[in-house]
Amino acid sequence: MRGLTTQRVLVTGGAGFLGSHLCDWLLSRGHEVLCVDNFYSSTKDGISHLHDHRRFELLRHDVTFPLHVEVDQIYNLACPASPIHYQHDPVQTTKTSVHGAINLLGLAKRLRCRIFQASTSEVYGDPNVHPQLENYWGNANPIGLRACYDEGKRCAETLFYDYHRQHGLLIKIARIFNTYGPRMHVNDGRVVSNFIIQALRNEPITVYGGGTQTRAFCYVSDMISAFELMMETPDAVTGPVNLGSPDEMSIRTLAELIVDKTGSGSKIIEKPLPSDDPVQRCPDITRAREILGWSPKVGLDEGLAKTIAYFEQVLAAPGQSGT
Ligand code: NAD
Ligand code: UDP
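Model, not experiment: these values are computed from the prediction. (Residues numbered from 1 in each chain as written. Chains lettered and ligands numbered in written order. Predicted model: local features only at pLDDT ≥ 70, side-chain atom pairs only at ≥ 80, totals over all residues. Heavy atoms only, no water.)

### A look at the state of the cysteines
Formally, a disulfide is one covalent bond, and it connects the sulfur atom of one cysteine to the sulfur atom of another. With the rule as written, the count across this model stands at 0 disulfides. Distance from the sulfur of C79, which forms no disulfide, to the nearest cysteine sulfur (C148) is 8.2 Å. Cysteine C155 shares no disulfide, and the gap to the nearest cysteine sulfur, in C79, comes to 12 Å. (Disulfide = S-S within 2.5 Å.)

Written as C-alpha cells, this is what we have:
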C-alpha cells in the first residue's frame, strides 16, 4: 500500500541516460516509478540495477501509440537526444515528439495529473540571440537534418501549451541544454562521451569543424534535481524554463581539457561540421534561478572526473570493447 505522500510516477524514456537517473532519484524520494521505453536509443542495462526494486516497474512501449495506465505524475522524456540517433530514423523521431506528446497529454487530461516535458535548447535552432532567453523564438531550419528533432520538440511545446490553454492541464516545460555524465551509452555519439571514449582508447579526438562552436555542459545530478523542482512548482508555473550550465566553452577547449584530464596520447583531428550545427549556444538561467532557486552545483572538473571514471570502468569490463 502507498503512503499519503507517495506518488505513482510515469517516466517515459526512463531507460535512457537522463531517464534512468530520474528513475533512481524518484525511487530515492519514496515514489513508485513506472518506466516506459521502447529501447530505441538505450538498452535495459541503464535500469538493470532497478530490476528487483519493489517500487519499480518497466513497460516496453512506444509512446507513438496510446498508453493506458494509472499514475499521479508524468515526466515525458521519450525521444532520442543524440544527433546520430535522432537522424537515423527522422520520421520516427518526429512521431515520437509529436504523437508521443498527443498520447501523453491525452493521458494527463484523463488523469488530471501534472505533466513535465523534456524540451530542449534545440528549439532555439542555430540562435542569433546570445545567451538564449526563454522569450527568444529561435532560428530553426524546418527542412534540415536536425529538423526532425528541433521541429518535433517545438511542436510538442505547442501541444503542451494548447492543452494547457484549452483543457487547463498542469504543464511543466523544461528546455534542457547539453547534459552529460555516467550512463551515457558508449555509442551515444554526443560530444562529451565521444571525446572521453576516444581519449581513453588513445584514438584521435574528432572535433567537428574548427571546434570554435560553443556549448555549456551541465552534470546530470544537477539536471535531475531541477526536474523535480520544476514538477513541484505551483500550478501557475508552466515554463518554459531553461535548464543548463551558464559556463560556455568552445568544443576545441573541451577536447583539450579531456585529453589533459585523461592523460591521453590522443591527437585532436578535425572532421566536417554537420549541417545546421549551432555555432554558439549557452542558456540564460535567470528564470530557473528565480522560479526554482536552482543553479548547477557540480563544476566541469568534478563532473568530467566522475564521467571519465565511469567510462574507464565500462571500457575495462570483460567483453566490453564498447562497440
Ligand atoms: P537518451 O537517448 O539516452 O534517452 C531517450 C530514451 O527515450 C531512450 O531510452 C529511448 O529508447 C527512449 N525512446 C525513444 N523513442 C521512444 C518511443 N517512441 N517510445 C518510448 N521510448 C522512446 O537521451 P537523454 O539524453 O536521456 O534525453 C532524454 C530527454 O531529454 C529527451 O527527450 C531529450 O530530447 C531531452 N534532452 C536531453 C538533453 C541532454 O543533453 N541529455 C538535452 C536536451 C534535451
Ligand atoms: N562534436 C564534435 N565531435 C564529436 C561529437 C560532437 O566536435 O565527436 C560537436 C558537434 O558538432 C557540436 C558539439 O560538439 O558542435 C555538441 O554536439 P552534441 O552532439 O553533443 O550535441 P548538440 O549540442 O549538437 O546537440
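### Structural notes on the packing of helix α1 (residues 17–28) against helix α6 (residues 220–231)
Packing of α1 against α6 brings their axes to within 10 Å, and their N-to-C directions diverge by 65 degrees. With respect to the hand of their crossing, α1 and α6 are arranged in right-handed fashion. Between α1, through F17, L18, H21, L22 and W25, and α6, the contact on the second element is made entirely by V220, I224, F227 and E228. Looking at side-chain class alone, the contact of α1 with α6 contains 7 nonpolar, 1 polar and 1 charged residues. (Axes fitted to C-alpha atoms, helices over the stretch in contact; angles between N-to-C directions. Helix = DSSP H or I, 4+ residues; strand = E, 2+ residues; numbered from the N terminus. Left-handed = near helix turned anticlockwise from the far one by under 90°. Contact = heavy atoms within 4.5 Å. Nonpolar A, V, L, I, M, F, W, Y, C, P; charged D, E, K, R; others polar.)

### Re the packing of aromatic side chains
The relative placement of two aromatic rings is captured by the distance of their centres and the angle of their planes. Counted according to the given criterion, the structure contains 7 aromatic pairs. Relative to F177, the ring of Y124 lies with its centre 6.1 Å away and its plane at 40 degrees, an arrangement referred to as tilted. In this pair, Y124 sits in the loop between β5 (114–120) and α4 (147–167) while F177 sits in the loop between β6 (171–176) and β7 (179–180), placing the two residues 53 residues apart along the sequence. We classify Y124 as buried; its relative accessible area is 1%. Overall, F177 belongs to the buried group, its relative accessible area being 2%. Among the aromatic residues, those joined into a ring-pair cluster are Y75, F116 and F227. (Phe/Tyr/Trp six-rings, centres within 6.5 Å; stacked < 30°, edge-to-face > 60°. Buried < 20%, exposed > 50% of the residue type's maximum accessible area, 1.4 Å probe, protein only.)

### A word on the sheet that holds β6
Spatial strand order, β3-β2-β1-β4-β5-β6-β11: 7 strands in an open sheet with parallel pairing. Two strands close off the open sheet at either side, each with one partner strand: β3 (56–60) and β11 (241–243). This sheet shows a mean twist of 20 degrees between the axes of neighbouring strands, independent of strand direction. The pairing of strand β1 (residues 8–12) with strand β4 (residues 73–76) spans 4 bridges and is classified as parallel. Bridge pairing in β4 places T12 opposite N76. Strand contacts of α1: β1, β2 (32–37), β3, β4 and β6, with the helix running at about 170 degrees to β1, the strand carrying the most contacts. (Pairing = 2+ DSSP bridges.)

Note that every value here comes from positions in space, so none of it alone points to a role or purpose.
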